[in-house]
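Here is how the chains run, residue by residue.
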Amino acid sequence: MAQKKNAVIVGGGTSKFGVRQAHLLDMVQEAAVACQKDVPGLKHKDVDGLIIATTMAGRHSSALNTAPLVVHRLGLSPTSICIRLDTLCAGSNSAIIVAKGLIESGIAEVVLVTGGEKVYMPQRWETNYTQLAVNDHDWDSAMGLGVPPPFFAMIARMHMKRYGTTKEQMAHVSVTNYNYGTDSPNAHFGGRTLTIKEALEARIIADPFGLYDCCPLSDGASAVVIASEERAKEMSDRPLVYVRGTGQHATHSMSAGWPGETLAEWPHLKKAGEVAFKNAQLTPKDIDVAQTHDCFSISEVIELEELGFCQKGEGGPFVASGATKIDGAIPTNTDGGLLVYGHPFGASGARQSLEICKQLQGRAIHQVKDARFGLAHNLSGTCAQHTVVIYGREPVE
Amino acid sequence: MSELQKSEIIGTPALKDVYIGEMDMWPFESPEFNRIYPFYDNLRAGKFTTTKCKQCGHIAFPPQVICPKCWSEDLEWVELPQRAKVVVLTETQAGAPIGFPSPLIIAWLTFGEGAPLRHLLVRIINCKEGELKEGDEVKFVTFNVPAHPAEVKKETKVCDRVYYAFEPVK
């Protein structure tokens, strides 16, 4: 039997995220160009696989069978895989899991993983209304549970009640991520800054969340190159960043199936993390930098707990202590995360994985010194599914 | 709605006054469109029900056509408790999807020890803002929602619909 191939992330790029005057396919083209600028050795003919991760491309953008549209606009001619993939907010990290498997098995050599959303329609109401269809439509959504803030607000209240987490501790998540993301040129809120006082005095979105506890919905696209180790060496001289281990765990689609004792416990994330760490042959202590799904400030607090970066229930004091800052125990969301870079669902995973790639290659804007191992995490929908991808400077033995 | 929006100069004139099922905020409840329609018939009778597996005894929610635990198709309809306690709640002032009036009150309910359904997120209706508190008891309530047309054997029939929520126990 031939030796197993290793999959690596070579580089990538994103379009500008935000309220964009652009079509979904325009933004995917922007992301592809940004990706090629980042990896000048990437040639059209080398791309044998294409995955486009998107959720809203059916109803918004009128692009149900999206992959051929992307192939045509990018001038590609894939031969190994050409698919659209939808796991909502985890789309492009899910695509990276697929690409890893295809490359390790020898089915594909160079996969362009793209993700993108056109969230904003000619009239704003349609954006919130479409979200009724991305949750469990006939059940939770028929209760009015479309946009996420009310659900995550209940999670925050529960965490505050059970573990004593405070609004000020949650504000530290937002402020830290603004300090990072202000320098990301393509971020939705690039160039903006935030203080604890501003965060705490912001208008209420859904109690206890103020404006800065919530990530924006964004238009945008991202693209990363996942390739075999051999092809990556031909394309780029940068240090190799291996896709070491992955885990993805789903337990339910609507609230009756919630797996935790309360909303403040996310055992499905704990499980996804354990699977990924096992596959990566690492532990949380090994991770130098993380990108966790900070759709809300409380999300990052709970994710740091469930992924094992701090004890359960201690996420609040942990973030307030500066643990996620560049010199802290686990620098987190070093490009601004969802809170600042923005959140075009299908594009977010690849944006996170690209930041980990840059960190492990030593070329991030906010560089973690000697970063060797990094982790990216997404949650999907009403916290129904968790996706974890772990990267390293060396492959799994 | 402005006169301009009502005119045929903008939009999709072909879809004027057309029902678009894809955009419907409620389920298609009639037997032509799902196999769990007894749930909705039971709602009309004021009952909150779901399916129980006759093989392994598992009670699923939402109701299903197979048991998610053992994949048996041998299921029966059973009633669920109609009272529950509020664990946490949220009142949305702005940003609720169109069709849901503000404040949109959503609560995380617990049905207590031994109940076949442990938790559920539900909409609370017949309740003023600030009225409901954590720990309060709420009860099941049904209400009519708009019907939709459906083509059945070349005829267009009107499918009446109902849905459920919870309300404060006063």
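Residues numbered from 1 in each chain as written. Chains lettered and ligands numbered in written order. Predicted model: local features only at pLDDT ≥ 70, side-chain atom pairs only at ≥ 80, totals over all residues.

Caption draft 1: Summary view of unusual backbone geometry. Residues and elements named next belong to chain B. Cis geometry marks the peptide bond from phenylalanine 61 to proline 62; its omega dihedral reads 0°. Relative to the assigned elements, proline 62 resides in the loop between strand E1 (49–53) and strand E2 (75–79). Serine 102 connects to proline 103 through a cis peptide bond whose omega is -5°. Tracing the sequence through the fold places proline 103 in the loop between strand E3 (83–92) and strand E4 (104–110). You will see that lysine 153, though not glycine, has its phi angle at about 50°, which is positive. Relative to the helices and strands, lysine 153 resides in the loop between strand E6 (137–152) and strand E7 (155–168). For lysine 153, a count of 6 C-beta atoms within 10 Å corresponds to the exposed category. (Helix = DSSP H or I, 4+ residues; strand = E, 2+ residues; numbered from the N terminus. Buried ≥ 20, exposed ≤ 12 C-beta atoms within 10 Å, placed from the backbone.)

Caption draft 2: Structural view of the interface of chain A and chain B. Taken together, the 26 residues of chain A in the interface contact 23 residues of chain B. Secondary structure elements with two or more residues in the side of chain A that touches chain B: helix H4 (125–130) and helix H5 (149–163) of chain A. No other element matches H5 of chain A, which puts six residues into the side of chain A that touches chain B. Partitioning the side of chain A that touches chain B into residue classes produces 18 nonpolar, five polar and three charged. (Contact = placed C-beta atoms within 7 Å. Nonpolar A, V, L, I, M, F, W, Y, C, P; charged D, E, K, R; others polar.)

Caption draft 3: Quick look at the nonpolar core. All names here are of chain A. Judged by nonpolar contacts, the single largest core of 149 residues is most densely connected at Ala99, Val113, Ile226 and Tyr391. Among the elements that make up this core, the one with the highest residue count is helix H1 (residues 24–38) (eight residues). When residues are assigned to domains, this core turns out to be shared by domain 1 (7–123 + 219–235) and domain 2 (135–216 + 245–391), each giving three or more. With near-sequence residues (within four places) excluded, tyrosine 391 lies in contact with Ile9, Val241, Tyr242, Val243, Arg244, Ile356, Cys357, Leu360, Phe373 and Gly374. (Core = buried A, V, L, I, M, F, W, Y, C linked by C-beta atoms within 7 Å. Domains from an automatic or database assignment.)

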